[in-house]
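Summary of structural features
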Amino acid sequence: MSSSYPVVDIHTHMYPPSYIKLLSSRTSVPYIHQPSEPNADPRLIILASDDDSSRPKSSRGRPVDSTYSSFDSKRHFMSTHGITCSVISLANPWLDFLEPSSALSAAQEINNDLENACAKNNSSSVHAGLKLYAFGCLPLSAPAKDIVSEIQRLKSLTHVKGVIMGTTGLGNGLDDPALDEIYDALASTSTLVFLHPHYGLPDSAFGGPEVIAKSGHVLPLALGFPLETTIAVSRMYLAGVFDRHPKLEFLLAHSGGTLPFLAGRIESCVAHEREFIVNGGQKQGPQRSIWDVLHSNIYLDAVIYGQPGLKAAIEAAGSVDRVMFGTDHPFFPPLGDEKDSKWLSVESNKAAIDGCLPKDEAARRQILGGNAVRVLGLRL
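An unreviewed UniProt entry lists the chain under the name Amidohydrolase-related domain-containing protein, with Exophiala xenobiotica as the source organism. Note on the chain: under the UniProt heading Sequence similarities (unreviewed entry), the record states "Belongs to the metallo-dependent hydrolases superfamily."

Next up on the list: the environment of Asp 50. Mapped onto the fold, Asp 50 is located in the loop between β3 (43-45) and β4 (62-63). Setting aside residues up to four positions removed in sequence, Asp 50 forms contacts with Ile 45, Arg 60 and Gly 61.

So, about the pattern of salt bridges. Tallied over the full model, the rule gives ten salt bridges. Among the ionic pairs, Arg 60 bridges to Asp 51, the shortest N-O distance being 2.8 Å. Classification of Asp 51 as partly exposed rests on a relative accessible area of 26%. Of the charged contacts in the structure, one is a salt bridge between Asp 180 and Arg 244, with a shortest N-O distance of 3.2 Å. Of this pair, Asp 180 sits in helix α5 (residues 180-188) while Arg 244 sits in helix α8 (residues 241-244); the two residues are 64 residues apart in sequence, bridging distant segments of the chain. Taken together, the salt bridges that share partners define one network made up of Lys 350, Asp 354 and Arg 364.

Here the focus is the sheet that holds β4. Strand order across the open sheet formed by three strands is β2-β3-β4, with antiparallel pairing between neighbours. Since the sheet does not close on itself, it has two edges, and those belong to β2 (31-33) and β4, each with one partner. Here two bridges tie β3 to β4, and the two strands are oriented antiparallel to one another. Considered in β4, the bridge of Arg 43 is made with Pro 63.

Spatially, eight strands are ordered β1-β5-β6-β7-β8-β9-β10-β11 in an open sheet, and the strand pairing comes out parallel. Either end of the sheet is taken by a strand with one partner, and the two such strands are β1 (8-13) and β11 (323-324). Inspection of the sheet shows strand β6 (residues 131-137) paired to strand β7 (residues 160-166) by three bridges, in the parallel sense. Counterpart to Ala 134 in the pairing with β7 is Val 160.

Side chains Ile 298 and Leu 300 of strand β10 (residues 298-301) all project onto a buried face; the interleaved residues Tyr 299 and Asp 301 project onto the opposite face, where all are buried too. Pairing analysis gives three bridges linking strand β9 (residues 250-252) to β10, with the strands arranged parallel. In the strand pairing of β10, Leu 251 is matched with Tyr 299. Bridging between β10 and β11 involves two bridges; their strand directions are parallel. If you follow Leu 300 over to β11, its bridge partner there is Val 323. Viewed along the sheet, the connection from β10 through helix α11 (residues 307-317) into β11 turns out right-handed.

What counts, and at which threshold
Residues numbered from 1 in each chain as written. Predicted model: local features only at pLDDT ≥ 70, side-chain atom pairs only at ≥ 80, totals over all residues. Heavy atoms only, no water. UniProt positions renumbered as here; feature names shortened; annotations may be inferred. Helix = DSSP H or I, 4+ residues; strand = E, 2+ residues; numbered from the N terminus. Contact = heavy atoms within 4.5 Å. Salt bridge = Lys/Arg side-chain N within 4 Å of Asp/Glu carboxyl O. Buried < 20%, exposed > 50% of the residue type's maximum accessible area, 1.4 Å probe, protein only. Pairing = 2+ DSSP bridges. Right-handed = clockwise from strand over helix to strand, strands pointing away.

In structure tokens form, the structure reads like this:
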């Protein structure tokens, strides 16, 4: 990647020290197991299915080495791939599991941790040319007033440029009416929401645990994550969330899942639904076209790994102005003998952008960084 223009990684995760400390203090899912063996990586047990008592804790879950928590590792990754700026966010499971009484203070500590680390990095001459910003986390298990207060407080933090949220919202999905107060706060503060999935589909959707076990995490990650996002946003649309909150803005992970491919089908099904008032029924359907929502309320990242998906994302978004480059670092690293090479997850997403827009350098630059700079107000 060229350094003659900004390259912004909008989808890149970290577990900052305060989050590592929080998870390490727990003994139930989700938690981090700190092994006693020298040089062994901590293990993140994120799913109940990973917390198998028949296996030693040192082999449960997944290892979380320094690439998950080290800012030096993040900067090394950025330098290797010519990335100018990373907008970092917590990876799942965020803070959704916390007791209401402790959620706000935990969110404040982690958000301050992110703000201070980004501020230190951006003021350092040693790291000139490598800028860090962040999406904050929300205490979604806390009372609504606490969530709103943190949304408002985050606007005072210079380096926090939005928030990350999972597809379950407060626990009942993103169409939950209890979220309206939260959506009001997000819209009124012009806070962009980075929406990210978290193993929200049941094992039965893939044939059950035995089928999943045959291919590891391929089915839940390759299919489950994007379908989870698609379902969550479709529920919001059908429930009129975007009608009630026309200024609410979301950035969807993984190019919006299958939403770019299925938006037309969703639109057709809505138009033909007899239950909706417009067709003589008793239920209020969405009052806006899904295409209008895609073009006005939704941005898509470019973490799709191939030209067909990226072409669909650009078409669904309405223009290249609403699509932003990402890497999903530190997930999907090189394996085996390739561990010190460039990451396929980065190179394939970059190649998809080049392949979709081979003759439009201005558009490539917009997706690679210009859009993120404009939308988030980044100072590079």
